[in-house]
Amino acid sequence: MRLSRYFLPVLRDVPKEAEIVSHRLMLRAGMIRQQASGLYSWLPIGYKVLMKVQKIIEQEQNRAGAVQLLMPTIQSADLWRESGRYEAYGKEMLRIEDRHEREFLYGPTNEEMITDIFRTYVKSYKDLPLNLYHIQWKFRDEVRPRFGTMRSREFLMKDAYSFDLDEAAAVKAFQRMFVAYLRTFKRMGLVGVPMRADTGPIGGNLSYEFHVLADTGESEVFLDKDLLDKPVPGADTDFFGDLEPIFRDWTSLFAATDEMTTEEAFREAVPADNQLKARGIEVGHIFYFGTKYSEPMKANVTGADGKDTPVHMGSYGIGPTRVVPAIIEASHDENGIVWPVPVAPFEAVLINLKAGDADTDAACDALYEQLSGAGLDMLYDDRDQPAGSKFATADLVGIPYQLIVGPRGLKSGEVEIKHRKTGERETLPLSGAVERLRSLIEPQRMTDI
Ligand code: ATP
Ligand code: MG
């Protein structure tokens with residue numbers, strides 16, 4: 001992408017309304033624009049990151065056997081009356097009336113709707129297990145929308161719903177999502193720590209929240225440090241095999257939010273050297289809730305014995321529009337964002353130090369063609385602007401590698417690469433630039449870890 005033809009409205013000043021670093025950086029880097037309290041437009045460079053995050057989520061959901069569909073944002077109130085949640089949900093739900101005075105709502109989640117789809121088409125145990133998911137906008141009229149897209153009113157959620165004949169099969173479905181989540185966050189360059197979470201009035205112990213550790217996190221969390229460098233299950237994991245050993249291995253180490261434990265219990269349970277008390281951002285939540293919706297909504301399946309029983313369900317959420325700021329909270333420095341390669345808006349930026357100079361332009365144009373041809377996701381800063389401002393923009397926007405090309409270097413056939421994360425610089429022959437960038441970037445894509 002040529003920057004001269006792109007739309008990257010970078011802000012020089014730090015916006016006053018933004019309290020936390022990810023919110024400030026998303027505004028400054030031209031990623032988002034607030035339209036009203038808790039409502040955001042995603043500008044091109046922000047949208048590009050969001051799409052990369054979603055792609056990873058989709059790939060890992062599909063790998064774990066979930067099937068993608070798309071449900072509407074607007075739902076009928078009657079559907080929610082069936083489960084009893086229409087009255088129970090309270091003020092977070094945005095209620096809407098159409099011109100015929102029929103009652104609707106802007107969906108805060110989709111358990112009722114997916115249960116309705118399920119009961120319409122699936123009647124037999126032979127069609128199970130089934131896991132259906134979508135990535136769709138949700139609306140929750142949060143009391144205090146804040147921190148940009150971290151806690152907004154309209155936000156994207158990937159929500160998956162599993163259907164199984166009985167609890168034993170549902171536990172397996174839960175474990176598939178558990179492993180998928182470990183892989184999903186890892187592939188975004190994050191550590192998503194699974195923490196025991198509240199199951200509310202339904203009870204049971206199958207509820208885990210995935211947290212990214214950051215000082216600005218809204219939850220207080222307690223964990224065993226060893227969880228942070230545990231290798232995640234590989235792409236060759238058999239999702240329909242026995243995942244119990246992996247699940248047990250991960251959940252045997254202590255990790256819980258303050259809703260689920262006390263500091264004393266934590267100090268007692270974890271060896272002193274391994275204790276980590278921190279703050280966490282909830283980026284995902286997986287939950288087994290049995291027949292809570294299938295019973296009132298009469299979503300029954302016939303078992304092998306010919307008997308009808310309510311289907312066992314679980315739901316599995318990730319908030320892509322919260323994941324993006326969470327990555328920034330976990331990865332930035334005083335100059336701006338430091339994107340991990342798999343979610344970077346562009347993998348590298350080619351900086352032309354003297355746009356308008358015929359020789360420099362020719363060399364840069366040729367390089368840009370070759371780099372793009374080599375499959376690198378490139379931004380090309382071809383604007384006629386001072387070098388200092390180009391460097392500042394590249395740093396702020398957080399592109400992992402800068403390939404710097406100017407007339408002086410070109411005279412001796414040389415260019416420079418700057419590593420955004422470490423600040424390290426290397427000078428190399430122009431002819432080796434494409435190969436060098438490829439060799440730096442490709443191993444970090446983590447497409448098949
Ligand atoms: P929180 O406790 O942060 O309010 P929640 O527990 O109500 O979230 P869930 O119903 O578990 O949220 O939703 C699944 C996921 O959707 C969350 O883990 C989070 O990633 C995302 N999410 C929920 N609420 C918001 C919001 N207001 N803004 C952005 N993302 C959200
Ligand atoms: Mg939650």
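Here the structure is a predicted model, which is why all the values come from computation and not from measurement.

Undergrad: Quick question: what am I supposed to make of the site of ligand 1 here?
TA: The local shell around ligand 1 holds 14 residues, among which E142, R151, S152, E282 and R322 are the closest. Within the contact set of ligand 1, an oxygen atom lies 2.9 Å away from a side-chain nitrogen or oxygen of R322. When ligand 1 is considered free in solution it has 590 Å² of accessible area, and contact with the protein chains removes 80% of it. Contributing elements (two or more residues each) for the shell around ligand 1: β8 (154-164) and β13 (275-290). Looking at the shell around ligand 1, the element that brings in the most residues is β13, giving four residues. When its residues are assigned to classes, the shell around ligand 1 shows four nonpolar, five polar and five charged.

Undergrad: Can you help me understand helix α6 (residues 167-187) in this one?
TA: Note that an α-helix has 3.6 residues per turn; residues three or four places apart therefore point the same way. Under the 1.5 Å per step criterion, the end-to-end length of α6 is 30 Å for 21 residues, consistent within 8% with the ideal 30 Å. Taken across its 21 residues, α6 has 15 buried, putting it largely inside the fold. Among the residues trailing α6, G189 stands out with phi positive, at a value near 80°.

Undergrad: Help me out: how do you make sense of the domain arrangement of the protein chain in this one?
TA: By convention, interface size is frequently given as the accessible area that disappears when the constituent parts associate. Taken domain by domain, the protein chain consists of domain 1 (12-337) and domain 2 (346-445). Using C-alpha coordinates to define each centre, domain 1 is positioned 38 Å away from domain 2. Listed by partner, the interface residues are 10 residues for domain 1 and seven residues for domain 2. Interface area, domain 1 with domain 2, both sides summed: about 890 Å², of which 48% is carbon and sulfur. Where domain 1 packs against domain 2, one counts three salt bridges.

Undergrad: Before we go on, may I ask you to explain the packing of helix α10 (residues 358-373) against helix α13 (residues 433-441) in this structure?
TA: The geometry of a pair of packed helices is captured by two quantities: the angle between their axes and the separation between those axes. Where α10 contacts α13, the two axes come as close as 10 Å, and the packing angle between them is 40°. Comparing the axis directions of α10 and α13 gives the class oblique. With respect to the hand of their crossing, α10 and α13 are arranged in right-handed fashion. Of α13, the residues touching α10 (which contributes L367, Q370 and L371) are A433, V434 and L437. Among the residues forming the contact of α10 with α13, the class breakdown is five nonpolar, one polar and no charged.

Undergrad: Help me understand unusual backbone geometry in this model?
TA: It is generally the case that most residues other than glycine have a negative phi and that most peptide bonds are trans. Looking along the chain, the bond that leaves L128 and enters P129 is cis, with omega of 0°. With respect to the helices, strands and loops of the structure, P129 is situated in the loop between α5 (111-121) and β7 (130-139). In the Ramachandran plot, E101 falls in the positive-phi region, its phi being about 60° despite a non-glycine side chain. Position of E101 among the secondary structure elements: in the loop between β5 (94-97) and β6 (103-106). Within the chain, F147 stands out as a residue other than glycine whose phi angle is a positive 60°. Looking at the secondary structure, you find F147 in the loop between β7 and β8. Note on F147: relative accessible area 9%, which makes it buried.

Cut-off values and rules
Residues numbered from 1 in each chain as written. Chains lettered and ligands numbered in written order. Predicted model: local features only at pLDDT ≥ 70, side-chain atom pairs only at ≥ 80, totals over all residues. Heavy atoms only, no water. Near = heavy atom within 4 Å. Polar contact = N/O pair within 3.5 Å; in protein donor to acceptor, adjacent residues only side chain to side chain. Areas by Shrake-Rupley, 256 points an atom, 1.4 Å probe, with all protein chains shown as cover. Helix = DSSP H or I, 4+ residues; strand = E, 2+ residues; numbered from the N terminus. Nonpolar A, V, L, I, M, F, W, Y, C, P; charged D, E, K, R; others polar. Expected span 1.5 Å × (residues − 1). Buried < 20%, exposed > 50% of the residue type's maximum accessible area, 1.4 Å probe, protein only. Domains from an automatic or database assignment. Contact = heavy atoms within 4.5 Å. Buried area = accessible area lost by both parts, 1.4 Å probe. Salt bridge = Lys/Arg side-chain N within 4 Å of Asp/Glu carboxyl O. Axes fitted to C-alpha atoms, helices over the stretch in contact; angles between N-to-C directions. Parallel < 35°, antiparallel > 145°, perpendicular 65-115°, else oblique. Left-handed = near helix turned anticlockwise from the far one by under 90°.

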